[in-house]
Amino acid sequence: MGDDETVYADPHRRVVYAELDRRAAEAAADVVAWRHHLHRHPELPNREAGTARYVAGHLRSLGLDEVRTGIAGHGVVGVLRGGLPGERVVALRADMDALPVKDLSGVEFASTVVDTDYPGGPFPVSHACGHDCHTAMLMGAATVLAGMRERLPGTVLFVFQPAEEGPPVTEPGGARQMVAEGAFADPEPTMAFGMHVTPFPKGYVGYRVGNQYAASCLVRIVITGRQVHGSTPWQGIDPMPAAGAVLTGIGQLYRQLRAFDAVTVTIGHVEDVGRFNIIGETVTLWGTIRCAVESGMGEVQERLARLVEHSAAAYSCTAAVDYLQDVPPVHNTEGWVTAALPTLRRVVGAGRVLETSPTLGYDDVSELVNRYGGLYVMLGVQDAELDARGAPVPVPGGRGLVTNHNPAFYADDATLATGVRLHVHTAYDHLNGTLDGG
């Protein structure tokens with residue numbers, strides 16, 4: 001297990017590590033089965049009722065000290081107090097929600113779920129981001145650590161979070177809401193840890209010092225004209241050309257911003273209340289802003305609002321811009337990364353722990369990592385290898401590289417046991433004082 005022997009000479013800890021690994025191996029088949037069940041029954045953000053019941057039922061079967069439910073909607077927190085004295089509290093986090101994406105993964109346990117009631121729907125639903133893996137791996141970690149309660153010097157919180165992908169805009173939700181509702185007030189974590197499955201070689205761990213994930217916000221742009229029959233456009237005001245000008249203009253925003261700090265402005269959804277022969281009153285654009293450096297978010301928002309308002313005015317329309325669901329970047333400090341590297345290397349091997357480039361994805365685990373300390377890493381789960389530059393490329397004859405949120409996204413079942421081991425080794429090392437970057 002990597003450089004374990006040179007880093008940890010304590011025979012007691014080595015016995016515990018071996019027991020953690022043994023129990024993780026025993027739980028591996030269950031973890032795969034749980035993942036398959038969750039994949040077949042995905043639920044959209046703030047609608048994870050069945051997933052929450054499934055998770056809470058398992059946690060209760062383990063005899064944890066507490067199983068708290070109904071947090072921020074369908075959040076679940078299991079509390080395991082160790083049998084040895086200790087003041088440290090590690091929060092292990094997994095997100096539970098799925099995406100409005102058709103399942104084209106090709107697996108026999110693929111989802112056929114369609115949510116007909118979700119705002120804006122109906123939507124096909126699938127775990128195209130891998131949250132089914134996250135939830136199953138944390139269920140496995142709870143199984144392992146509950147079975148070793150007497151050897152734990154502190155407390156473990158098993159945090160199953162709803163609405164990581166963002167709740168409907170009219171509803172609260174996600175990690176920030178869990179914090180607001182006191183989910184971590186008693187006991188308060190001294191470390192938060194989690195991971196995200198990603199198109200990287202199976203069993204590899206990617207980390208980054210600094211911003212692992214970007215700052216993000218949701219954008220809603222409403223452009224208003226005046227409705228009229230399609231045969232007489234001069235009698236109304238068509239908001240569609242203004243929307244087109246905004247979409248075109250967004251491509252020029254990058255030239256107004258510092259080129260060395262990555263930014264994206266993406267419009268992913270357009271709503272029009274018109275018809276083939278009706279010029280509608282409004283066009284609504286939904287999108288997202290991502291900034292590698294959080295301090296740049298204000299300037300991007302200001303420039304986008306100016307672009308929208310002036311473009312609308314040029315076509316005699318009015319416009320309103322709202323910035324919603326702001327999420328801070330996931331920031332891994334050097335202290336926490338340095339403290340965690342021996343643990344990560346022990347679990348997967350030194351050659352499989354690599355520093356990666358930043359990503360403009362977001363994850364609201366930042367509400368926990370940035371507040372309580374800790375770190376967030378990426379776990380490779382696909383048929384890939386690294387090329388000479390260290391970039392993942394498909395393995396010949398494998399299933400290829402498929403990004404998260406793609407309908408064909410897949411994850412290798414055999415890698416889930418590695419995720420369980422990462423959770424339990426990190427938790428134990430923090431509780432015993434070996435892993436502390438604070």
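As the structure is a prediction and not an experimental result, all values here were calculated from the model.

**Regarding the sheet that holds strand β15 (residues 318-327)**
Thought 1: What the 4 strands build is an open sheet, ordered β12-β14-β10-β15; its pairing is antiparallel. Two strands close off the open sheet at either side, each with one partner strand: β12 (263-272) and β15. Here the average twist between neighbouring strands, direction ignored, is 20°.
Thought 2: Bridge count between strand β10 (residues 215-224) and β15: 8 bridges; the pairing is antiparallel. Each residue of the ladder has a partner; that of Ile221, found in β15, is Val321.
Thought 3: Strands β10, β12 and β14 (282-291) of the sheet are contacted by helix α6 (residues 239-253), whose axis makes an angle of about 10° with β14.
Thought 4: Relative to β15, helix α7 (residues 297-314) is tilted by about 160°, and along the sheet it contacts β10, β12, β14 and β15.

**Things to note about the packing of aromatic side chains**
The description of an aromatic ring pair rests on the distance of the ring centres and on the angle between the ring planes.
Thought 1: For the structure shown, the criterion picks out 5 aromatic pairs.
Thought 2: Ring geometry for Tyr118 and Phe123: centres 6.3 Å apart, planes at 70°, overall edge-to-face.
Thought 3: Under the relative-accessibility criterion, Tyr118 is labelled buried at 11%.
Thought 4: Where Tyr213 meets Tyr376, the ring centres are 5.8 Å apart and the plane angle is 55°; that geometry is what we call tilted. Highlighted residues: Tyr213 in the loop between β9 (210-211) and β10 and Tyr376 in strand β18 (residues 374-382), separated in sequence by 163 residues.

**Considering the side chain of Thr415**
Thought 1: Relative to the elements of secondary structure, Thr415 occurs in the loop between β20 (392-394) and α10 (416-431).
Thought 2: When its relative accessible area of 4% is taken as the criterion, Thr415 is described as buried.
Thought 3: Ignoring anything within four residues of it in the chain, the contact list for Thr415 reads Lys202, Gly203, Leu379, Gly380 and Val381.

**Observations concerning the environment of Ile250**
Thought 1: Looking at the secondary structure, you find Ile250 in helix α6.
Thought 2: Judged by relative accessible area, Ile250 falls into the buried class, the value being 6%.
Thought 3: In the structure, Ile250 is positioned 118 residues away from Asp132 in sequence and 34 Å away in space, judged by C-alpha atoms.

**As for the sheet that holds strand β6 (residues 155-161)**
Thought 1: Here 8 strands make up an open sheet; going across it, the order is β1-β2-β6-β3-β7-β18-β8-β17 and the pairing mixed. Where the open sheet ends on each side, the last strands, each with one partner, are β1 (66-71) and β17 (353-355). Mean inter-strand twist for the sheet, computed between neighbouring axes without regard to direction, equals 25°.
Thought 2: Note: strand β8 (residues 205-207) against β18, 2 bridges, orientation antiparallel. If you follow Gly206 over to β18, its bridge partner there is Met378.
Thought 3: Taken strand by strand, helix α8 (residues 334-348) contacts β7 (191-201), β8, β17 and β18, and its axis lies near 30° from that of β18.

**What about the environment of Glu66?**
Thought 1: Structurally, Glu66 is set in strand β1.
Thought 2: Exposure remark for Glu66: the relative accessible area of 28% places this residue in the partly exposed category.
Thought 3: Put simply, Glu66 and Arg81 are 15 residues apart on the chain and 9.2 Å apart in space, counted from C-alpha to C-alpha.
Thought 4: Once you skip the residues sitting within four places of it in the chain, Glu66 turns out to touch Val77, Gly78, Val79 and Arg81.

**Brief notes about the packing of α6 against α7**
Thought 1: Closest axis-to-axis distance for the α6/α7 pair is 9 Å, and the angle between their directions is 145°. The two elements α6 and α7 meet at a crossing, and its hand is right-handed. Of α7, the residues touching α6 (which contributes Ala242, Ala245, Val246, Gly249, Ile250 and Leu253) are Arg303, Leu304, Leu307, Val308, Ser311 and Ala312.
Thought 2: When grouped by side-chain class, the residues that make up the contact of α6 with α7 number 9 nonpolar, 2 polar and 1 charged.

**Brief notes about the pattern of salt bridges**
Thought 1: Under the defined criterion, the tally for this structure stands at 29 salt bridges.
Thought 2: Among the salt bridges present, the one from Arg47 reaches Glu171, with a minimum N-O distance of 2.8 Å. With a gap of 124 residues between them, Arg47 in the loop between α2 (11-40) and α3 (49-61) and Glu171 in the loop between β6 and α5 (175-180) connect regions that are remote in the sequence.
Thought 3: Taking relative accessible area as the criterion, Arg47 reaches 28% and is therefore assigned partly exposed.

**Side note on the pairing of β7**
Thought 1: Most of β7 sits out of view: 11 of its 11 residues are buried.
Thought 2: Where strand β3 (residues 89-95) meets β7, 3 bridges bridge the pair, whose relative direction is parallel. Following the sheet pairing, Ala91 is matched in β7 by Ala192.
Thought 3: Relative to β18, β7 is paired through 8 bridges, and the arrangement is parallel. The residue of β18 that forms the bridge with Thr198 is Gly380.

**Digging into the confidence of the model for the chain**
Any region with low pLDDT has predicted coordinates that should not be read closely.
Thought 1: Looking at the chain, the pLDDT average stands at 96 and 98% of residues meet or exceed 70.
Thought 2: Across residues 1-7, where pLDDT falls below 50, the model places 17 contacts with residues more than four positions away in sequence or in other chains.

**A short note on the environment of Gln301**
Thought 1: Inspection of the secondary structure puts Gln301 in helix α7.
Thought 2: Under the relative-accessibility criterion, Gln301 is labelled buried at 18%.
Thought 3: Along the primary structure Gln301 and Val321 are separated by 20 residues, whereas in three dimensions their C-alpha atoms are 9.2 Å apart.
Thought 4: When sequence neighbours within four positions are dropped, the list of residues in contact with Gln301 reads Cys217, Ile289 and Tyr323.

**Comments concerning unusual backbone geometry**
Thought 1: Note the cis peptide between Gly121 and Pro122, where omega equals 10°.
Thought 2: Summarising the element assignment, Pro122 is placed in the loop between β4 (114-115) and β5 (123-124).
Thought 3: In this chain, Asp186 is followed by Pro187 through a cis amide linkage whose omega measures 0°.
Thought 4: Along the chain, the position of Pro187 falls in the loop between α5 and β7.
Thought 5: Here Ser316, not a glycine, exhibits a phi torsion of approximately 65°, which is positive.
Thought 6: Mapped onto the secondary structure, Ser316 falls in the loop between α7 and β15.
Thought 7: Residue Ser316 is classed as exposed on the basis of its relative accessible area, which comes to 55%.
Thought 8: Phi at His405 is positive, roughly 80°, even though this residue is not glycine.
Thought 9: Examined against the element boundaries, His405 turns out to sit in the loop between β20 and α10.

The rules behind each value
- Residues numbered from 1 in each chain as written.
- Predicted model: local features only at pLDDT ≥ 70, side-chain atom pairs only at ≥ 80, totals over all residues.
- Heavy atoms only, no water.
- Pairing = 2+ DSSP bridges.
- Helix = DSSP H or I, 4+ residues; strand = E, 2+ residues; numbered from the N terminus.
- Axes fitted to C-alpha atoms, helices over the stretch in contact; angles between N-to-C directions.
- Contact = heavy atoms within 4.5 Å.
- Phe/Tyr/Trp six-rings, centres within 6.5 Å; stacked < 30°, edge-to-face > 60°.
- Buried < 20%, exposed > 50% of the residue type's maximum accessible area, 1.4 Å probe, protein only.
- Left-handed = near helix turned anticlockwise from the far one by under 90°.
- Nonpolar A, V, L, I, M, F, W, Y, C, P; charged D, E, K, R; others polar.
- Salt bridge = Lys/Arg side-chain N within 4 Å of Asp/Glu carboxyl O.
- pLDDT = per-residue confidence, 0-100.

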